[in-house]
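For reference, the chains in residue letters:
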Amino acid sequence: MSEYHLSIHDSARQELLEAVAYFNEKSGELAQSFLDEIKESLDLIKQFPKHSTQVKRTIRRNLLVRFPYAFFYTVTGFEIRILAFGHTRRRPFYWQNRT
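All values reported here derive from a predicted model rather than from experimental measurement. (Residues numbered from 1 in each chain as written. Predicted model: local features only at pLDDT ≥ 70, side-chain atom pairs only at ≥ 80, totals over all residues. Heavy atoms only, no water.)

A.B. asks: Tell me about the overall build of the protein, and name the residues and values.
C.D. replies: In terms of regular secondary structure, the protein is built from 2 helices and 5 strands. If you list the helices and strands of the protein from N to C, you get β-α-α-β-β-β-β. The buried share of the protein, taken over its 99 residues, is 39%. For the protein, the proportion of contacts with a sequence separation of at least 24, taken over those separated by at least 6, is 48%. A total accessible area of about 6500 Å² is found for the protein, and carbon and sulfur atoms account for 49% of it. (Helix = DSSP H or I, 4+ residues; strand = E, 2+ residues; numbered from the N terminus. Buried < 20%, exposed > 50% of the residue type's maximum accessible area, 1.4 Å probe, protein only. Contact = heavy atoms within 4.5 Å. Areas by Shrake-Rupley, 256 points an atom, 1.4 Å probe, with all protein chains shown as cover.)

Spelled out as structure tokens, the structure:
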């Protein structure tokens, strides 16, 4: 089985950092739990990239389990491109013009 390469859009990286900072303000333990779930989610995406819900023709969504956040990504060949990382109840599809 080939390994998938993961790339993250700069805006998605910033969204992720802002979410981590928010949880860190609440509690270092909460932020660590959030980071652990993000790592688990990214590992799952890399292992099973086409398992997540298809929300548009080429875009998939992977929901976190314990936090109301999701990754939106595309799969092209062996590259997984994270387009956005956002709260599931705020600004839906604000990211849809990213590549």
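A.B. asks: For the packing of helix α1 (residues 10-26) against helix α2 (residues 28-47), give the residues involved together with the corresponding values.
C.D. replies: Where α1 meets α2, the closest approach of the two axes is 5 Å, and the angle between their N-to-C directions is 145 degrees. Contacts between α1 and α2 involve Leu 16, Ala 19, Val 20, Phe 23, Asn 24 and Lys 26 from the first element and Gly 28, Leu 30, Ala 31, Phe 34, Leu 35 and Ile 38 from the second. Along the lines of polarity and charge, the residues of the contact of α1 with α2 split into 9 nonpolar, 2 polar and 1 charged. (Axes fitted to C-alpha atoms, helices over the stretch in contact; angles between N-to-C directions. Nonpolar A, V, L, I, M, F, W, Y, C, P; charged D, E, K, R; others polar.)

A.B. asks: Before we move on, could you go through α2 and cite the residues and values that matter?
C.D. replies: Along its 20 residues, α2 runs 29 Å from first to last C-alpha, staying within 8% of the 28 Å computed at 1.5 Å per residue. Within α2, burial applies to Ala 31, Phe 34, Glu 37, Ile 38, Ser 41, Leu 42 and Ile 45. Looking straight down α2, one finds its buried side chains confined to an arc of 135 degrees; they lie on one side. Across from the buried face of α2, at angles greater than 90 degrees, the exposed residues are Glu 29 and Lys 39. Looking at the buried side of α2, the elements it contacts are β1 (5-8), α1, β3 (60-63), β4 (69-76) and β5 (79-87). Between a side-chain oxygen at the N-terminus of α2 and the backbone nitrogen of Glu 29 the separation is 3.1 Å; the capping residue is Ser 27. (Expected span 1.5 Å × (residues − 1). Arc of directions from axis to C-beta. Polar contact = N/O pair within 3.5 Å; in protein donor to acceptor, adjacent residues only side chain to side chain.)

A.B. asks: Please provide a residue-by-residue account of the pattern of salt bridges, values included.
C.D. replies: Note that side chains of opposite charge can pair when their charged atoms are close. Under the counting rule described, the total for this entry stands at 3 salt bridges. Two residues, Glu 37 and Arg 66, come together in a salt bridge whose shortest N-O distance is 3.2 Å. Taken together, the residues Glu 37 in helix α2 and Arg 66 in the loop between β3 and β4 connect sequence positions 29 residues apart. For Asp 43, the salt bridge identified is with Lys 39, shortest N-O distance 2.8 Å. Of the two residues, Asp 43 and Lys 39 are both situated in helix α2; the distance of 4 residues between them amounts to about one turn of the helix. (Salt bridge = Lys/Arg side-chain N within 4 Å of Asp/Glu carboxyl O.)

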